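Fold and geometry: a report
Chain by chain, the residues:
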Amino acid sequence: MKRILVTGGAGFVGSHLCERLLNEGNEVICLDNFFTGQKRNVIHLLGNPYFELVRHDVINPFVVEVDEIYNLACPASPIHYQYNGIKTVKTSVMGAINMLGLAKRIRAKVLQASTSEVYGDPNVHPQTESYWGHVNPIGIRSCYDEGKRVAETLFMNYHNQNGVRIKIIRIFNTYGPHMHPNDGRVVSNFIVQALKGENITVYGKGDQTRSFQYVDDLINGMTRMMATGDDFTGPVNIGNPGEFTILELAQKVITLIGSKSKIVYEPLPSDDPLQRQPDITLAKSKLNWEPKIPLEQGLVRTIEYFDQLLKES
Ligand code: NAD
Ligand code: UDP
C-alpha cells in the first residue's frame, strides 16, 4: 500500500483520481482549499478509513510523509482562474515550490498536472511536446498559462539540480461528472444550458476547435505516467485527438439531450486559442496509453450526471 497526496483532490479531476487510487488499494490524502472544488465530489470517500480530507492552501508549505504526490491544485476554468489572477500565479508557482520542496525532503515522486495552455494559441498543429508554444505573457489567460509554464520550469530544475523524481503531463480539455455546474467551461456550460432549455452560449462564431477527453481516459494516462521509470520525466501530452469545432459540440449536446435550446452567439474572449489538438505519439510509445472513450459516449455519461444533479437541486 502506497500513501499518496493529491492536491486539488476535491476538484473535478482530483476527485476521480482519489477514487481510483483508493480502489487500487492505496492510502490517499486529499488536500484542497475548496476554491473551485467541493466536498460533494469526495463525500462518498469520507467513510473510507484510508481516505483523509485536509483543508489547506498550497501556497503555504505542507508537511506529510507520502510516497507519491499528484499536484493538481489550481483553478482550471478561465472564469475562475481570471477571478484573481495574482492568486492563480501564486497557486501554480508557490504550490509547485512547496510540493517540490516536500518531494525533495521526503524523496517522493511528484507529478505536475500541466496543461495544453502552455502551447497558447498554437501555430503548430497538432501540438507535439517539442513545440514551445505561442503565449501572450500579459493577456487575460497569462496568469494560468505562464503560471503553469513556470511550474514546468521549476519541476525540471528540481529534477536536474536536486534529483527529484518528477513527472509532467500536459492535459488537454477534459470533461465528465463532478464538473461544477457553474464551472464555466464549455462542456458543462452547454450541457447545463441544454438541460434547462436555456440558450446555448457559443463564443465567437464557434469555429474554434478543441479536442475533448473523457475524465476516465485522463486518469488512466495520469496513473500510467506516475508508474513509469525515473528516467522518463515528460512532459507528455494526455488528451483525445478527436477535434471538434465549438459549434459541432453545441449541436451534439442539443441532439443528445433532445433539447429545444437555441444557439446564441456571444463575443469571443481575447486570446481564445483558435485550435487545439494533441499529438499523442509520445504517450502511446512511453505509456502504452491512448484514449478509449469517444466524445458521444462521454457526453452521454456526463449528461446523465448533470441531469441527476439538477433534479436533486
Ligand atoms: P478544478 O477547478 O475542478 O479543480 C482544481 C482544484 O484545486 C479545486 O478543488 C480547487 O479548490 C483546488 N485549488 C485551487 N487553488 C488551490 C490552492 N491554492 N490550494 C489548494 N487547492 C486549490 O479543475 P480540474 O479540471 O479538476 O483541474 C485539475 C488540474 O488539472 C488543474 O491543475 C488544472 O490546471 C489541470 N488541467 C485540467 C484540465 C481540464 O480540462 N480539466 C486541462 C488541463 C489541465
Ligand atoms: N466557450 C463557448 N461557450 C461557453 C464556454 C466556452 O463557446 O459557454 C468556448 C471558449 O470560448 C473556447 C472553448 O469554448 O473557445 C473552450 O472553452 P473552455 O473554457 O472550456 O476551455 P479553454 O478555452 O481553456 O480550452
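Residues numbered from 1 in each chain as written. Chains lettered and ligands numbered in written order. Predicted model: local features only at pLDDT ≥ 70, side-chain atom pairs only at ≥ 80, totals over all residues. Heavy atoms only, no water.

In spatial order, the strands read E3-E2-E1-E4-E5-E6-E11; together these 7 strands make up an open sheet with parallel pairing. Two strands bound the open sheet, and with one partner strand each, they are strand E3 (51–55) and strand E11 (236–238). With direction set aside, neighbouring strand axes in the sheet form an average angle of 20°. Sheet analysis places strand E6 (residues 166–171) next to E11, joined by 3 bridges and oriented parallel. Bridge pairing links Ile169 to Val236 in E11. Across the sheet, helix H1 (residues 12–23) lies against strand E1 (3–7), strand E2 (27–32), E3 and strand E4 (68–71), angled at about 170° from E1, the strand it touches most. The sheet contacts of helix H4 (residues 142–162) involve strand E5 (109–115) and E6, and relative to E5 the element is tilted by about 155°. (Pairing = 2+ DSSP bridges. Helix = DSSP H or I, 4+ residues; strand = E, 2+ residues; numbered from the N terminus. Axes fitted to C-alpha atoms, helices over the stretch in contact; angles between N-to-C directions. Contact = heavy atoms within 4.5 Å.)

Per the stated rule, a full pass over the model turns up 6 aromatic pairs. On the basis of an interplanar angle of 75° and a centroid distance of 5.2 Å, the ring pair of Tyr305 and Phe306 is categorised as edge-to-face. Among the aromatic residues, those joined into a cluster by ring pairs are Tyr119, Tyr131 and Phe172. Cation over ring: Lys39 sits above Phe34, and NZ or CZ is 5.8 Å from the ring centre. (Phe/Tyr/Trp six-rings, centres within 6.5 Å; stacked < 30°, edge-to-face > 60°. Lys NZ or Arg CZ within 6 Å of the ring centre and 35° of its normal.)

For the rest of this paragraph, the subject is the state of the cysteines. In the structure shown here, the tally under the stated rule is 0 disulfides. Cys18 forms no disulfide, and the closest cysteine sulfur to it belongs to Cys30, at a distance of 4.2 Å. The buried category is assigned to Cys18, whose relative accessible area is 0%. (Disulfide = S-S within 2.5 Å. Buried < 20%, exposed > 50% of the residue type's maximum accessible area, 1.4 Å probe, protein only.)

To continue, consider the site of ligand 1. Neighbouring residues of ligand 1: 29 residues in total, closest Asp32, Thr36, Tyr144, Lys148 and Thr174. At 2.9 Å, a backbone N or O of Gly37 approaches an oxygen atom of ligand 1. Measuring from a nitrogen atom of ligand 1, one finds a side-chain N or O atom of Asp57 at 2.9 Å. Calculation on ligand 1 without its partners gives an accessible area of 820 Å², and the protein chains cover 97% of this total. Looking at the shell around ligand 1, the elements with two or more residues in it are H1, E5 and H4. Take the shell around ligand 1: its biggest share by element is 3 residues, from E5. For the shell around ligand 1, the per-class residue count stands at 14 nonpolar, 11 polar and 4 charged. (Near = heavy atom within 4 Å. Polar contact = N/O pair within 3.5 Å; in protein donor to acceptor, adjacent residues only side chain to side chain. Areas by Shrake-Rupley, 256 points an atom, 1.4 Å probe, with all protein chains shown as cover. Nonpolar A, V, L, I, M, F, W, Y, C, P; charged D, E, K, R; others polar.)

Turning our eyes to something else, we now look at the pattern of salt bridges. Close approach of charged atoms allows side chains with opposite charge to pair. Across all of its chains, the model carries 14 salt bridges by this definition. Between Glu117 and Arg141 there is a salt bridge, and its shortest N-O distance comes to 2.8 Å. Residue Glu117 is found in the loop between E5 and H4, and its partner Arg141 is found in the loop between E5 and H4; the two are separated by 24 residues along the sequence. Take Glu117 and Arg141: they sit in the same class, and that class is buried. One salt bridge in this structure joins Asp307 and Lys311, with 3.1 Å as the shortest N-O distance. Here Asp307 and its partner Lys311 are both found in helix H9 (residues 295–312), 4 residues apart, which amounts to about one turn of the helix. What you see here is one network of salt bridges that share partners, running through Glu117, Arg141 and Arg276. (Salt bridge = Lys/Arg side-chain N within 4 Å of Asp/Glu carboxyl O.)

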